Amino acid sequence: MATTKTGAPLDRGTLDTLLRRRLFYTPSFELYGGVSGLYDYGPPGCSLQANIVDAWRKHFVLEEDMLEVDCTMLTPHEVLKTSGHADKFADWMCKDPKSGEIFRADHIVEEILEARLKGDKEARGEKVVEEEDADKKKRKKKVKDIKAVKLDDKVIQEYEEILAKIDNYNGEELGKLIVDHKITSPTTGNPLGPPVSFNLMFQTSIGPSANLPGYLRPETAQGQFLTFNKLYEFNNLRMPFASASIGKSFRNEISPRSGLLRVREFLMAEIEHFVDPLDKKHARFSEVADKVSLKFLPRVVQESGKTTLIEKTIGEAVREGMVDNETLGYFLARIHLFLKELGVDQEKVRFRQHMPNEMAHYATDCWDAELFTSYGWIECVGCADRSAYDLTVHSNKTGEQLVVRETLEPPRVWEEWDVDVDKKWLGPKFRKDAKKVEEAIARISQEGREKLAAVQKAGGKVFVEVEGLGSVELEKVTIAKNKKSQNVREFTPNVIEPSFGIGRVFYSLIEHIYWSRPGDEARGVLSFPPKIAPTKILIVPLSSHTDFAPIVAALSAKIRRAGISNRVDNSSATIGKRYARNDELGTPFGVTVDFQSLKDGTITLRERDGMKQIRGTEDEVVEVVRGILDGDTTFDQALAKFGEFQGQELDE
Ligand SMILES: Nc1ncnc2c1ncn2[C@@H]1O[C@H](COP(=O)(O)OP(=O)(O)OP(=O)(O)O)[C@@H](O)[C@H]1O
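All figures in this text were calculated on a predicted structure; none of them were measured in a lab.

1. Regarding the overall build of the protein chain
And then number 1: Each helix and strand counted, the protein chain has 24 helices and 28 strands in total.
And then number 2: If one aligns the C-alpha atoms of the protein chain with their principal axes, the spans along those axes are about 110 × 65 × 55 Å.
And then number 3: The 652 residues of the protein chain split such that 34% are buried.
And then number 4: Considering only contacts within the protein chain whose residues lie at least 6 apart along the sequence, 70% involve residues at least 24 apart.

2. Notes on the site of the ligand
And then number 1: Near the ligand you find 14 residues, and of these Phe266, Gly382, Ser499, Gly501 and Arg504 are the closest.
And then number 2: With 4 residues, the top contributor of residues to the shell around the ligand is strand β16 (residues 376-387).

3. A look at the nonpolar core
And then number 1: Ranked by size, the top nonpolar core spans 79 residues in total, and within it Ile314, Leu332, Ile335, Cys383, Val505, Phe506 and Ile510 carry the most contacts.
And then number 2: Looking at this core element by element, the count peaks at 9 residues for helix α14 (residues 326-342).
And then number 3: When near neighbours in sequence (up to four residues on either side) are disregarded, Cys383 contacts Leu328, Phe331, Leu332, Ile335, Cys366, Trp367 and Pro498.
And then number 4: Ranked by size, the runner-up nonpolar core spans 21 residues in total, among them Ile537, Leu538, Val625 and Ala638.

4. Here we look at the domain arrangement of the protein chain
And then number 1: Taken domain by domain, the protein chain consists of domain 1 (12-71 + 217-390 + 495-502), domain 2 (90-199), domain 3 (410-485) and domain 4 (535-642).
And then number 2: Spacing between the C-alpha centres of domain 2 and domain 4 amounts to 52 Å.

5. A look at the sheet that holds strand β6 (residues 102-104)
Within a sheet, neighbouring strands are paired by backbone hydrogen bonds and run either parallel or antiparallel to one another.
And then number 1: The strand order across the open sheet built from 3 strands is β6-β5-β7, with neighbouring strands paired in antiparallel fashion. Among the strands making up the open sheet, the edge pair consists of β6 and β7 (196-199). Going from strand to strand, the sheet's axes swing by 45 degrees on average, the running direction of each strand aside.
And then number 2: Bridge count between strand β5 (residues 90-95) and β6: 3 bridges; the pairing is antiparallel. Bridge pairing links Cys94 to Phe103 in β6.
And then number 3: The sheet contacts of helix α5 (residues 105-123) involve β5 and β6, and relative to β6 the element is tilted by about 80 degrees.

6. What to know about the confidence of the model for the protein chain
And then number 1: The predicted model of the protein chain has a mean per-residue pLDDT of 92, with 96% of residues at 70 or higher.
And then number 2: Contacts for the low-pLDDT stretch residues 137-142, under 50 throughout, to residues beyond four places or in other chains number 4 contacts.
And then number 3: Complex prediction metrics read pTM 0.86 and ipTM 0.98.

7. Here's the deal with helix α19 (residues 502-513)
And then number 1: End to end, α19 covers 16 Å across 12 residues, agreeing with the expected 16 Å (1.5 Å per residue, within 8%).
And then number 2: Where burial is concerned, most of α19 is hidden: 12 out of the 12 residues are buried.

8. Here's the deal with the sheet that holds strand β10 (residues 241-250)
And then number 1: Sheet architecture is open: 9 strands sit in the order β3-β10-β11-β21-β16-β15-β14-β12-β13, paired in mixed fashion. Of all strands in the sheet, those with a lone pairing partner are β3 (67-68) and β13 (310-313), marking the two edges.
And then number 2: Relative to strand β14 (residues 349-353), strand β12 (residues 293-297) runs parallel, the two sharing 2 bridges. Looking at the pairing, Leu297 lines up with Arg352 of β14.

Here is what the cut-offs are and how they apply
Residues numbered from 1 in each chain as written. Predicted model: local features only at pLDDT ≥ 70, side-chain atom pairs only at ≥ 80, totals over all residues. Helix = DSSP H or I, 4+ residues; strand = E, 2+ residues; numbered from the N terminus. Buried ≥ 20, exposed ≤ 12 C-beta atoms within 10 Å, placed from the backbone. Contact = placed C-beta atoms within 7 Å. Near = placed C-beta within 6 Å. Core = buried A, V, L, I, M, F, W, Y, C linked by C-beta atoms within 7 Å. Domains from an automatic or database assignment. Pairing = 2+ DSSP bridges. Axes fitted to C-alpha atoms, helices over the stretch in contact; angles between N-to-C directions. pLDDT = per-residue confidence, 0-100. Expected span 1.5 Å × (residues − 1).

Following this line, the structure appears as structure tokens:
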């Protein structure tokens, strides 16, 4: 069960109401009844999103010297056909043939088995906490399957094992689970049809004629792969390097649900780190190896049907081979540090390794950073080793080499057996089959060539097996061991890809930092770290007297000039109510302008979470806030310096 920092159960209904009331985000096209999976962000939502993106850009693009690109969202069919998305970027859906209602196959299995386990708990008299979920609530009115029925211990174990591996089943296996466990439509109770594959890309056509079919991109990655050569050149032909991109992606999800967590249009921030496949070390790995500990849920643990987390440093995890290589490990650690910087609750983060079936068609290893929310563990960042897959397929399709050429110093030197057949003999002898014979010779291994050389040296005849011709004698052939050297090594880089869904991070973060003041559950607080908070300062004039207006306007401008966002609340509500409103917006600081301000120019600064205040000149207060935003000081240090101010009755 998700709880807040005070230990109280997280009331998702109240939080949802708060987020809508304060216009963090709202369903799109609501006047027309809305469209599932589409949301608009309001002013605080836009600021929060911009601050998360800004932190991401600083943490990754600037800190790691990445090459940022902004590629188009409209993508021609051919590109996504080559990448494999046109054929394989799909989920399994099944249909209630009578009502026509469509379900995502893994979700329906998950939902029903979870409901049965809950029913079992109820039947045993255990307390069951129901999370509020608008989609499920709608269905629940009619759900036929969910009853308080005791289950056999063996069945419970089986259900738990299926749920632990739910992401690992293919369509056929999901179909079998649906039949074996008598899973029917939760709305009508009708049997469901077998799972069929549904491609998640939105199709369109580019230009007025239908000649150029395309899609809205499902990820930003492909644009980055296609600019690889230009970026490699831009980087002065140095490896390894990373590109990065922030932009919208689109997926026609079968059943959008859980608010911002599964939507049809979302902001992604993706990194493609290009690395030598023979050397996946990372130059900065030592900076995190012993300092960053992560909670891992590796594949082996999941295979045993468990969810026990293993905590260790990233250095240990890579040394033991649990995480495949340093570069992947380095990025897992950097993702962890980024989430920490945003204010994500450290007790609610885990890194889960993908099961083999679950991995995307291009990936060789993949770890997800998952955040715990009232919807369960949610994948917010995927970190995959995409190997050389994408560059190879695009290179094969276009004929353009997407490779790195590395000068070898000193050159690589080795010896190799060569088989040289006399072309003047080969051509006339085999005519149209000459090429076949040549290819068969080329396929002879080094070991095979050495054996043939020995046969020839002993005066024997040399033969090669040719498809369709059988054993062919090579009458005119020279077999010799020659010295070789190579000055340039050519290889297709591998790609390590950390991929962030900004909306999922945005929502999960909000759940982690939301709480209500004890004794006043209706009064929500969003404790964003100051750097991430949508607005930094609320300016509250204590009186509506006209003398206050010019001072407040000048103060607001001064704070703005210092690069600190602020809003003035000169409404007639009590000061306590005005602060409460801003607690909901997560504004970390409140500044009051009172009658004393008119006399001596001092103002008060209130910190949102502890509600303590200090008093100082305008410049002093601005400096304190700037110091906190830059990470140079804390509010507690300011309290120690200025002393706590208790002069005002704040009616809180
Ligand atoms: N429908 C969606 N709505 C919001 N964010 C999404 C959605 N699909 C993916 N993301 C985000 O994009 C990131 C990278 O996408 P990726 O392809 O790895 O997701 P995925 O494995 O397909 O996600 P899921 O299994 O939850 O559908 C995810 O970690 C997630 O944060």
